[in-house]
Amino acid sequence: MTGLKTLSIISPVYNEQDGIEWFHKELCLSLKKFIKCYEIEIIYINDGSSDGSLSKLQSLQPSNGINIKLIDLSRNFGKEAALSAGIANASGDAALTIDSDGQHPFKQISKFLKKWEDGAEVVVGVRRTNKKEGIVKKYGSKIFYKLFNKLTNTTLIPGSTDFRLIDRKVIDEFIKLEERNRITRGLIDWLGFNREYVYFDANERQFGTAGYTFKKLAELAVNTFVSLSAVPLFMSGYIGVLFIFLSLASSLFIFIEQFLLGDPMHIAISGSAILGFLTLFLIGIVLTAQGLMGVYISRLLAEGQNRPLYVIRKETEVNSNLNSSIK
Ligand code: UDP
Ligand code: MG
């Protein structure tokens, strides 16, 4: 023990074999100026990479004052679970999460640390531009944030990323959250605490391709909604109630206009139209029932989400004095 504060750098790795050595070298270089102030551990989580990432990670050398922890997950659990594995294993007074593809600029790290030292408990990296972002991703995420903030009680700042620093207090609370389908930044935002922001321009990916395909992103968006809001489950219920009101209102209108007043407006409503309104009414009832069922399912979901988030195959620690230990 040196009495210094400890800093954990957490980086999930999925099929980054071409860039990971470069990333590690650059990261260590930019952390060098902090080793006088902090004890530093870099935690790499191999998220079931199918390329040579694991062996590249195993051969990484710690540099002076910077230790490496390697967590090898038993399969690809997705970035969110990988980040959670890293956070759960962080021993730092603060943890900084950073993508291992080089898109999060290292030179911003000092700003995160400064804001943390000044009292922020969560420092969120907010992306200003992403030069190579496709139109679907760009507008998709815009719509997502709009909807998300409307439908849930949690506020996400558009462009906020997983490039963020969290204080020990936040780490301890984060670890207590057990739900399975999660979006890390959403949960951190849900936790609250003092927040500060660091604005940055994302670098282009140097190597490899984004592991987040459109399908994965869409899944992530759905997961976020479902885990932080039960609105999607209740949606059919709301539509059902609307249908019932519509059909009741129109039935009343038909009854009065056609049968009580003898069709003064000359609409001559046909039998099939009446059948139509009846169908609308019945569909309304079915959807309402489904929505009610959704309410119960959401309760069950909340109770039943206690499967482990990830499974670790092996944990290795390489300290800068080159002692390696396997847990
Ligand atoms: N990643 C991961 N598991 C996955 C997909 C991605 O750990 O299933 C990691 C990846 O190695 C990178 C980070 O998450 O460090 C961001 O991934 P990517 O660059 O594919 O996403 P984007 O930059 O498009 O958000
Ligand atoms: Mg990326």
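As the structure is a prediction and not an experimental result, all values here were calculated from the model.

Engineer: It is not clear to me how helix 6 (residues 168–176) should be interpreted in this structure. Could you clarify?
Structural biologist: Residues lying three or four places apart along an α-helix face the same way, a consequence of the helix completing one turn every 3.6 residues. Turning to helix 6, its buried residues are Val170, Ile171 and Phe174. The arc enclosing the buried residues of helix 6, seen along the axis, measures out at 100°, which places them on a common side. Where helix 6 begins, the side chain of Asp167 points an oxygen toward the backbone nitrogen of Lys169, at a separation of 3.0 Å.

Engineer: I keep staring at the coordination of the magnesium ion (ligand 2) and nothing clicks. Help me out?
Structural biologist: The reference angle at a metal is 109.5 degrees if four donors form a tetrahedron and 90 or 180 degrees if six donors form an octahedron. Around the magnesium ion (ligand 2), the protein contributes the donor atoms Asp101 (OD) and Gln103 (OE1), which lie 1.9 Å from the metal centre. In this structure Asp101 comes out as buried when scored by relative accessible area, which is 8%.

Engineer: Help me understand the packing of aromatic side chains, please; the structure alone is not making it clear to me.
Structural biologist: The geometry of two aromatic rings is summed up by the distance between their centres and the angle between their planes. According to the stated counting rule, one finds 7 aromatic pairs in the structure shown. Between Trp22 and Phe106, the aromatic rings sit 6.3 Å apart at their centres with planes inclined by 55°, giving tilted as the arrangement. Placement of the pair is Trp22 in helix 1 (residues 20–31) and Phe106 in the loop between strand 4 (94–97) and helix 4 (109–117), with a sequence separation of 84 residues. When its relative accessible area of 12% is taken as the criterion, Phe106 is described as buried.

Engineer: I tried to follow the pattern of salt bridges on my own but got confused; where do I start?
Structural biologist: When the charged atoms of two side chains with opposite charge come close together, those side chains can pair. In total, this model carries 12 salt bridges according to the counting rule given. Between Lys79 and Asp162 there is a salt bridge whose closest N-O contact spans 3.1 Å. You can see Lys79 sitting in helix 3 (residues 79–88) and its partner Asp162 sitting in strand 6 (residues 160–167), a full 83 residues away along the chain. Taken as a pair, Lys79 and Asp162 share a single burial class, namely buried. Measuring nitrogen to oxygen at the nearest pair gives 2.7 Å for the salt bridge that ties Asp118 to Lys114. A single burial state applies to Asp118 and to Lys114, both of which are exposed. Taken together, the shared-partner salt bridges connect Lys79, Asp99 and Asp162 into one network.

Engineer: Where do I start with the nonpolar core in this structure?
Structural biologist: Soluble, globular proteins show a tendency: their nonpolar side chains are buried together. Residues Ile9, Leu27, Leu31, Tyr44, Ile109 and Leu165 are the most contacted members of the largest nonpolar core, which totals 34 residues. Taken together, the elements giving at least two residues each to this core come down to strand 1 (5–13), helix 1, strand 2 (38–46), strand 3 (66–73), strand 4, helix 4, strand 6 and strand 7 (195–200). Broken down by element, this core gets its largest block of residues, 5 residues, from helix 1. Other than its neighbours up to four places away in sequence, Leu31 contacts Ile9, Ile40, Ile42, Ile66 and Ile109. Formed by 25 residues, the second largest nonpolar core is a distinct cluster that contains Ile43, Val124, Val126 and Ile171.

Engineer: Would you explain the side chain of Asp72 in this entry?
Structural biologist: Tracing the chain through its elements places Asp72 in strand 3. Within the structure, Asp72 has its side chain in polar contact with the side chain of Asn46 (distance 2.9 Å). When near neighbours in sequence (up to four residues on either side) are disregarded, Asp72 contacts Asn46, Leu54, Val311, Ile312, Arg313 and Lys314.

Calculation criteria
- Residues numbered from 1 in each chain as written.
- Chains lettered and ligands numbered in written order.
- Predicted model: local features only at pLDDT ≥ 70, side-chain atom pairs only at ≥ 80, totals over all residues.
- Heavy atoms only, no water.
- Buried < 20%, exposed > 50% of the residue type's maximum accessible area, 1.4 Å probe, protein only.
- Helix = DSSP H or I, 4+ residues; strand = E, 2+ residues; numbered from the N terminus.
- Arc of directions from axis to C-beta.
- Polar contact = N/O pair within 3.5 Å; in protein donor to acceptor, adjacent residues only side chain to side chain.
- Donors = N, O, S within 2.8 Å, 3.2 Å for Na, K, Ca; no water.
- Phe/Tyr/Trp six-rings, centres within 6.5 Å; stacked < 30°, edge-to-face > 60°.
- Salt bridge = Lys/Arg side-chain N within 4 Å of Asp/Glu carboxyl O.
- Core = buried A, V, L, I, M, F, W, Y, C linked by side-chain atoms within 4.5 Å.
- Contact = heavy atoms within 4.5 Å.

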